[in-house]
Amino acid sequence: MKYAREFVTSTVVGGLFIVVPVYLAVALLLKGMKSVGGLVRPIAVLIPDWLPAESLLSLVLVLALCFLVGVAVRTPSGRAVRERMEMVFFERLPGYGLLRSLTQRLAGDSEERTWQPALVDIEDALVPAFVIEELDDGRFTVFVPSVPTPLAGAVYVLRRERVHLLDIPFTQAIRSVSRWGAGSKDLVAAMRKGVTGLADRGAVERTP
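Each value, and the rule that gives it
- One numbering rule holds for all chains: residues counted from 1, following each sequence as written.
- The predicted origin of the model limits local features to residues at a pLDDT of at least 70 and limits the giving and counting of side-chain atom pairs to 80 or more, whereas totals for whole chains, interfaces and linings rest on all residues.
- Excluding hydrogens and water, the side-chain values take into account all heavy atoms of the structure.
- Here, a salt bridge means any Lys or Arg side-chain nitrogen found within 4 Å of an Asp or Glu carboxyl oxygen.
- Here a strand is any run of E in DSSP of at least two residues, a helix any run of H or I of at least four, and the numbering for each starts at the N terminus.
- A simple rule labels every residue: compare its accessible area, found with a 1.4 Å probe on the protein chains alone, to the largest value its type can have, and call it buried under 20%, exposed over 50%, or partly exposed in between.
- Centres within 6.5 Å are what make two rings of Phe, Tyr or Trp a pair, Trp counting through its six-membered ring; a difference in plane orientation under 30 degrees is then read as stacked, over 60 as edge-to-face, and the rest as tilted.
- Every residue gets a pLDDT, meaning the predictor's confidence in that residue, from 0 to 100.
- Any two residues whose heavy atoms approach within 4.5 Å are treated as being in contact.

**Student:** So what about the pattern of salt bridges? Which residues, and what values?
**Tutor:** Across all of its chains, the model carries 4 salt bridges by this definition. Here Arg 41 makes a salt bridge to Glu 54, at a shortest N to O gap of 3.0 Å. Of this pair, Arg 41 sits in helix α2 (residues 37-44) while Glu 54 sits in helix α3 (residues 53-72), and the two are 13 residues apart along the sequence. The exposure class of Arg 41 is partly exposed, given its relative accessible area of 41%. For Glu 54, a relative accessible area of 30% puts it in the partly exposed group.

Structure representation (structure tokens):
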């Protein structure tokens, strides 16, 4: 009964982590389309009525605006403004920094050091995990996901010799967890030995 309750709870929480961001993104998109509807209406009236021109033009305009903002924040000045805004406003929101790191990992940001895939020693087993941060004393804070719900799990603080970083993409590790461990042989093959720390992980050689 306890196992069933924990399974249901972790599954629901994991589902919320997926559903809520999608819902908010769609809600913001619809809100933006409604806001710019007045701007595109003069053009929409010139298009045949059988085509939902106002909605389509509003969607295109909002997506174009998002694209331009995305391009702007990739420039040095735009990156500085974004980091300043995050520091002043968003970093005060609980969980924002971790959620941002997770999003960057999902987007394939190779420079993002949080959520580094790893295998960790828990009791007598190797367990898939993600490194959240490295402590000043050399230990790691790791997140061990539940199966098959990667975004729910437990947090451990482990000595570095119990943490083996993996030379695999973040999405591959997530996929293995969500598939009840299928593909774990690739995780084991990518396991590193003698980890020196997250900052030096690029210099760590893979042990056969």
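**Student:** Lay out unusual backbone geometry in plain terms, naming residues and giving numbers.
**Tutor:** Note on backbone geometry: most residues besides glycine have negative phi, and most peptide bonds are trans. A positive phi angle, near 60°, is found at Glu 123, a position not held by glycine. By the secondary structure assignment, Glu 123 is in the loop between β1 (116-122) and β2 (125-134). Of note, the phi angle at Trp 180 is positive, near 60°, even though the residue is not glycine. Along the chain, Trp 180 falls in the loop between α6 (170-178) and α7 (184-189).

**Student:** Pulling in residues and values, what's your account of the packing of aromatic side chains?
**Tutor:** Evaluation of the coordinates by the stated rule reveals 2 aromatic pairs. Residues Trp 115 and Phe 130 carry aromatic rings whose centres are separated by 5.8 Å and whose planes lie at 55° to one another, so their mutual orientation is tilted. Of this pair, Trp 115 sits in the loop between α5 (96-106) and β1 while Phe 130 sits in strand β2, and the two are 15 residues apart along the sequence. A ring pair is formed by Trp 115 and Phe 143, whose centres lie 5.7 Å apart and whose planes are at 65°; its orientation type is edge-to-face. Placement of the pair is Trp 115 in the loop between α5 and β1 and Phe 143 in strand β3 (residues 140-145), with a sequence separation of 28 residues. Summarising the burial analysis for this pair, Trp 115 and Phe 143 share the class buried. The structure contains a cluster of three or more aromatic residues connected by ring pairs, namely Trp 115, Phe 130 and Phe 143.

**Student:** Explain the confidence of the model for the chain to me, and be specific about the residues and the numbers.
**Tutor:** Taken as a whole, the chain shows an average pLDDT of 76; of its residues, 69% reach a score of 70 or greater. Element-level mean pLDDT values for the chain span from 59 in α5 up to 91 in β3. In this model, residues 193-197 is a region of pLDDT below 50 whose contacts with residues beyond four sequence positions or in other chains number 14 contacts. The model gives residues 199-208 a pLDDT under 50, and that stretch makes 19 contacts with residues more than four places away or in other chains.

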